[in-house]
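# Residue-level structure breakdown
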Amino acid sequence: MEKKGKKNVYAGTVLEIEGLDLNVEQAFELADASAERSAAACTVRLAKEPVIEFLRSNVVLLKNMLTRGYQAGKCIERRIAAMEAWLTDPQLLEPDADAEYKEIIEIDLNAITEPLLCCPNDPDDVRPLSQVAGTQIDEVFIGSCMTNLGHFRAAARILEGAPHVAGRLWVAPPTRMDEAQLKDEGLYAIFGKAGARTEIPGCSLCMGNQARTRDNVTVFSTSTRNFDNRMGNGARVFLGSAELAAITARLGKLPTPAEYKAIIAERVAAKAGEIYRSLSFDTIPGYERLGW
Ligand code: SF4
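The structure presented is a predicted model; accordingly, all values stated were derived computationally and were not measured.

### Observations regarding the domain arrangement of the protein chain
Here the protein chain is described as being made up of domain 1 (14-88) and domain 2 (113-275). Look at where the C-alpha atoms of domain 1 and domain 2 centre, and you get two points 26 Å apart. Taken together, the contacts link five residues of domain 1 with six residues of domain 2. A breakdown of the residues in the side of domain 1 that touches domain 2 according to their chemical character gives one nonpolar, no polar and four charged.

### Structural notes on the site of the ligand
All residues adjacent to the ligand are S144, C145, C203, C206, M207, S223 and T224. A class-by-class count of the residues in the shell around the ligand yields four nonpolar, three polar and no charged.

### Topic: the packing of helix 2 (residues 48-67) against helix 3 (residues 73-88)
At a minimum axis distance of 10 Å, the contact between helix 2 and helix 3 shows a crossing angle of 155°. If you check the angle between helix 2 and helix 3, you find them roughly antiparallel. When the axes of helix 2 and helix 3 are compared, the crossing they make is left-handed. In contact with I52, L55, R56, N58, V59, L62, K63, M65 and L66 of helix 2, helix 3 contributes G73, I76, E77, R79, I80, M83, E84, W86 and L87. Class assignment for the residues of the contact of helix 2 with helix 3 results in 11 nonpolar, two polar and five charged.

### Notes on helix 6 (residues 176-184)
Of all the positions in helix 6, only D178, E179, Q181 and L182 are classed as buried. Projected onto a plane normal to the axis of helix 6, the buried residues spread over an arc of 165° and lie on a single side. Contacts from the buried residues of helix 6 go to helix 5 (149-159) and helix 7 (187-193). Positive phi shows up at G186, right after helix 6, with a value of about 80°.

### What to know about the pairing of strand 5 (residues 139-143)
Burial of strand 5 is extensive: five of the five residues sit out of reach of the surface. Where burial is concerned, the two faces of strand 5 agree: the one with E139, F141 and G143 and the one with V140 and I142 are both buried. Relative to strand 6 (residues 168-172), strand 5 is paired through five bridges, and the arrangement is parallel. The partner of V140 across the bridge, within strand 6, is L169. One crossover worth recording links strand 5 to the parallel strand 6 by way of helix 5, and it is right-handed. When strand 5 meets strand 8 (residues 218-221), the two strands line up parallel, connected through three bridges. By the bridge assignment for strand 8, F141 is matched with S221.

### A short note on helix 2
If you check helix 2, its first and last C-alpha atoms are 29 Å apart, about what 20 residues at 1.5 Å a residue would give, namely 28 Å. After helix 2 finishes, the residue G69 shows a positive phi value of roughly 80°.

### Overview of the pairing of strand 8
Taken together, the four bridges between strand 8 and strand 9 (residues 236-239) define a ladder with parallel strand orientation. Across the sheet, the residue bridging to V219 is V237, located in strand 9.

### Description of the environment of L92
By the secondary structure assignment, L92 is in the loop between helix 3 and strand 3 (116-118). For the pair L92 and V217, spaced 125 residues apart in the sequence, the C-alpha separation amounts to 47 Å.

Conventions and cut-offs
Residues numbered from 1 in each chain as written. Predicted model: local features only at pLDDT ≥ 70, side-chain atom pairs only at ≥ 80, totals over all residues. Domains from an automatic or database assignment. Contact = placed C-beta atoms within 7 Å. Nonpolar A, V, L, I, M, F, W, Y, C, P; charged D, E, K, R; others polar. Near = placed C-beta within 6 Å. Axes fitted to C-alpha atoms, helices over the stretch in contact; angles between N-to-C directions. Helix = DSSP H or I, 4+ residues; strand = E, 2+ residues; numbered from the N terminus. Parallel < 35°, antiparallel > 145°, perpendicular 65-115°, else oblique. Left-handed = near helix turned anticlockwise from the far one by under 90°. Buried ≥ 20, exposed ≤ 12 C-beta atoms within 10 Å, placed from the backbone. Arc of directions from axis to C-beta. Pairing = 2+ DSSP bridges. Right-handed = clockwise from strand over helix to strand, strands pointing away. Expected span 1.5 Å × (residues − 1).

Written out as structure tokens, the structure reads:
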């Protein structure tokens, strides 16, 4: 899409996304990204099981917050009660059969056979990896509210045992809880050995105020936006996945689709279930140690 004269057709609309087999954390990425389209809201239609798993985990989390004396205890209690009531008879909202939509967009995911990237510096300049493969990358950022534990685990597996990255690699989990979990799993040691710079959890380079890239560099980032000068003065920013970020950091350049697929097959695909599992507090004994 041309940068000039664009119309944001999503502004003020409510996006309904369906047809994907996701857990709640993964659905959150899509709902989160809808803000980048200026959508008013976003719903993602999920199966009951991941929603039940997510609420069970959150009930445990909220009860622990009460024990630790969080403010607004009454409000937290009401939430717990509502969640527990829902769990006794889990029913999900459904779209009305006669709902009218401004537009229905069908996307055949089978037609997407390689990673897609937003290219510098326009989130609508989306290209397949093969069009930009080989581009030298100076700095890589893995972080922002679009990342979750699974992304960091996948990145760690890709970086494990590889030589020190040539460029600069920034790793910033979005929350302190994620940071604690990643340390607990020994992944910070892998990031350290790979030469990554681990940052204070939070928005970090995505916001461009806690830290910034060097001037006029080419960056690969897992964050949400690549507006001019947001991450660094004069920075040219590609946006893409954490898996592609880790491979790019390893190679110092954007890989070819064949290089990407080979590393994913070797390092990630076989262990995907373990890598992308979400944090269910009701199944982690002593999770309070995570220190959030
Ligand atoms: S600045 Fe922070 S909240 Fe906003 S998109 Fe980036 S990581 Fe998310």
